[in-house]
Amino acid sequence: MGAGVKTEYRMSHVVLRSGFSTLQYTDQDMKTHQYLEAFEKLKSGRQSEPAWLRGLREEAMVSFVRKGFPTMKDEAWRYTDLTPLVETPLALAEEKPELSSDTAEALKEKHGRNLLFVVNGKFLREHSSIPEGIEVVDLAEAIASAPDLVEPHLGRYAVSGHDAFSAMNAGLFRHGLLIRVAENAILKEPLHIMNLAQAARKGSVFQVRNLIELGKKSKASIMETYLSGSGNRYFTNVVTEIVLEEGATLEHCKVQREHSEAFHIAATQVIQRRASSFVSFALSTGARLMRHDCRVALAEEGASCVMNGLYLGDKDQLLDHQTFVDHQKPDGKSDQFFKGLLSGNSRGVFRGHIRVCRDAQRTDAHQTNKNLLLSEKAKVDTQPQLEILADDVQCSHGAAVGQLQEDAFFYLRSRGIGEKEAARLLAQGFAREVIDRSGLEYLKETLLERMNEKLAAQLRGRS
């Protein structure tokens, strides 16, 4: 691909040279240079990587430096101010993750035996339990030992040129997971990926990369949980690419419970082949600033996806969910249902986009976003979008923002229920609807527990 990336420091500016272009940026854009420095430090240890991956990394970093961090002038980021993240000094995490056997066993006891531990982005096989019928490998090991399995998919779907954070991830990731479910295999029990962040005192950046492949007519349930193991100032940047072959079915749940001072940016890209099914649920309760972009391409006939989500913010949190469902072929179905509860000074953002291509006749696509504001200072920005190029379709979208219903609140209060308890019951009923709709019965108890924990925090600070 390119001739390599070279950095030169000249007083107040940096020049980046590569086989693709020559870039220059001055002091006001130096916020990207800590990541470019990290890229340079990692290069010497990557000479054994295949040429296609080195080229992909180089091109990604050129794209990242050229574009820089998104600002609120960018349409896709108009409601999300990245200043707190950009101005926080952070360093790429050292590769010395630790997890005690006692901690691992305690987490298995609470969350189930089929647990994969990923600490600071690195897979710890020695503590993990891998069920039969599935292949799980550290992504760096897979690239070294079986690059032919990785090359057809890695970086082919989450295109780094379209997204600064995916580009950063492509350039800097060192580890992650390759998960492969064989053709016709059916996982009897859910697989839980426990992502723990152990931040250094000065603050850390974790670049996490996952590749999940389901073979023809296979079926699996996978849950990702992100939370802090130690430290409070860190940045998790995760990219997950999912490939569902013909007739495959994946139930996928992502629970984001990062530390209240952490930053969490995620991109999930799903490619669906003929008659495949993708059912997802996203629960977001943590982080100071969070954004999750989930893009689903129904690339062949008869594919279907169901996307549900619940975000609960308080204090000064910003929780941003972006979805894009791309109906490319006929007879596809999609349904999106997201809800948000915001209290304190928190802000929620939902931007959902459905595109029906010209060839995607007989598409059935729907999208709903509802939000409940629990305080006068809480805000939400919702922007549903439909782009329809076919003529034989059934599509709908809707959005609503409101507060606790006075009639229902008065009804509960008139029957001797206290103010906070009445508010809790109404908020709980509002939020529970989306969990009940998810259809993920094996996760319902866990999701309700996490929801109630966050609701209790929200209502304590209700004003």
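Higher on the page you've got the structure.
Please read these numbers as outputs of a predicted model, since none were measured by experiment.

A. View of helix α7 (residues 164–172). Here α7 lies mainly inside the structure; nine of its nine residues are buried. Listed as buried for α7 are Ala-164, Phe-165, Ser-166, Ala-167, Met-168, Asn-169, Ala-170, Gly-171 and Leu-172. Of the surrounding elements, those touching the buried residues of α7 are α1 (33–43), α2 (51–67), α3 (83–86), β10 (204–214), β12 (234–244) and β14 (263–272). The opening residue of α7 is Asp-163, an N-cap whose side-chain oxygen sits 3.1 Å from the backbone nitrogen of Phe-165.

B. Layout of the side chain of Ser-166. Its place among the elements puts Ser-166 in helix α7. Relative accessible area serves as the criterion here: at 4%, Ser-166 is assigned to the buried category. A distance of 2.7 Å separates a polar atom in the side chain of Ser-166 from a polar atom in the side chain of Asp-163.

C. How the structure looks around the environment of Ile-265. Topologically, Ile-265 is positioned in strand β14. Sequence-wise, Ile-265 and Val-239 are 26 residues apart; in three dimensions their C-alpha atoms are separated by 8.7 Å. Those residues in contact with Ile-265, other than ones at most four positions away along the chain, are Leu-85, Phe-165, Phe-235, Thr-236, Asn-237, Val-238, Leu-289 and Arg-291.

D. Geometry of the pattern of salt bridges. A full pass over the atoms with the stated rule returns 21 salt bridges. Between Glu-301 and Arg-274 there is a salt bridge, with the nearest N and O atoms lying 3.6 Å from each other. Here Glu-301 is found in the loop between β16 (289–298) and β17 (304–313), whereas its partner Arg-274 is found in the loop between β14 and β15 (277–284), with 27 residues between them in sequence. You can call Glu-301 partly exposed: its relative accessible area is 36%. For Arg-274, a relative accessible area of 37% puts it in the partly exposed group. Among the charged side chains, a salt-bridge network with shared partners connects Glu-135, Arg-180 and Glu-213.

E. Broad picture of the packing of α1 against α7. The geometry of α1 relative to α7 is characterised by a closest axis approach of 9 Å and an angle of 25° between their N-to-C directions. Relative to α7, the element α1 is oriented roughly parallel. Contacts from Tyr-35, Ala-38, Phe-39 and Leu-42 in α1 reach Met-168, Gly-171 and Leu-172 in α7. In the contact of α1 with α7, the residues fall into six nonpolar, one polar and no charged.

F. Representation of helix α4 (residues 101–111) within the structure. Of all the residues in α4, the buried ones are Ala-104, Leu-107 and Lys-108. In an axial view of α4, the angular spread of the buried residues amounts to 105°, which keeps them on one side of the axis. Summarising the geometry of α4, the exposed residues directed more than 90 degrees from the buried face are Asp-102, Glu-109 and Lys-110. Residues of α4 that are buried make contact with β5 (115–119) and β9 (191–198).

G. Examining unusual backbone geometry more closely. Positive phi, normally seen in glycine, also occurs at Ala-275, with a value near 55°. Looking at where Ala-275 falls in the secondary structure, it is placed in the loop between β14 and β15. Residue classification places Ala-275 among the partly exposed residues on the basis of a relative accessible area of 44%. Despite not being glycine, Lys-315 shows a phi value in the positive range, around 50°. Inspection of the secondary structure assignment puts Lys-315 in the loop between β17 and β18 (318–327).

Calculation rules
Position numbers for residues count from 1 along each chain, tracking the sequence in the order it is written. Note on the predicted model: pLDDT of at least 70 is required for a residue's local features to be given, and 80 or more for side-chain atom pairs to be given and counted; whole-chain, interface and lining totals, by contrast, use all residues. The side-chain numbers reported here are obtained from all heavy atoms of the structure, hydrogens and water having been left aside. Under the scheme applied here, a residue whose accessible area is under 20% of the maximum for its type counts as buried, over 50% as exposed, and between as partly exposed, the area being computed with a 1.4 Å probe on protein chains only. By definition, any uninterrupted DSSP run of H or I lasting at least four residues is a helix, any uninterrupted run of E lasting at least two residues is a strand, and each is numbered from the N terminus. Residue contacts are counted whenever heavy atoms from the two residues lie within 4.5 Å of one another. Residues adjacent in sequence count toward polar contacts only when both atoms are side-chain atoms; beyond that, a polar contact is any pair of N or O atoms within 3.5 Å, and within protein one must be able to donate a hydrogen and the other to accept it. A pair is scored as a salt bridge if a Lys or Arg side-chain nitrogen falls within 4 Å of a carboxyl oxygen belonging to Asp or Glu. Where helices are involved, their axes are fitted lines through C-alpha atoms of the stretch in contact, as for all axes, and angles between N-to-C directions lie from 0 to 180°. Throughout, the term roughly parallel applies to angles under 35 degrees, roughly antiparallel to angles over 145, roughly perpendicular to angles from 65 to 115, and oblique to all others. Any residue outside Ala, Val, Leu, Ile, Met, Phe, Trp, Tyr, Cys, Pro, Asp, Glu, Lys and Arg is labelled polar, Gly included; the first ten of those are nonpolar and the last four are charged. Each C-beta atom gives one direction from the helix axis, and the arc is the one those directions make.

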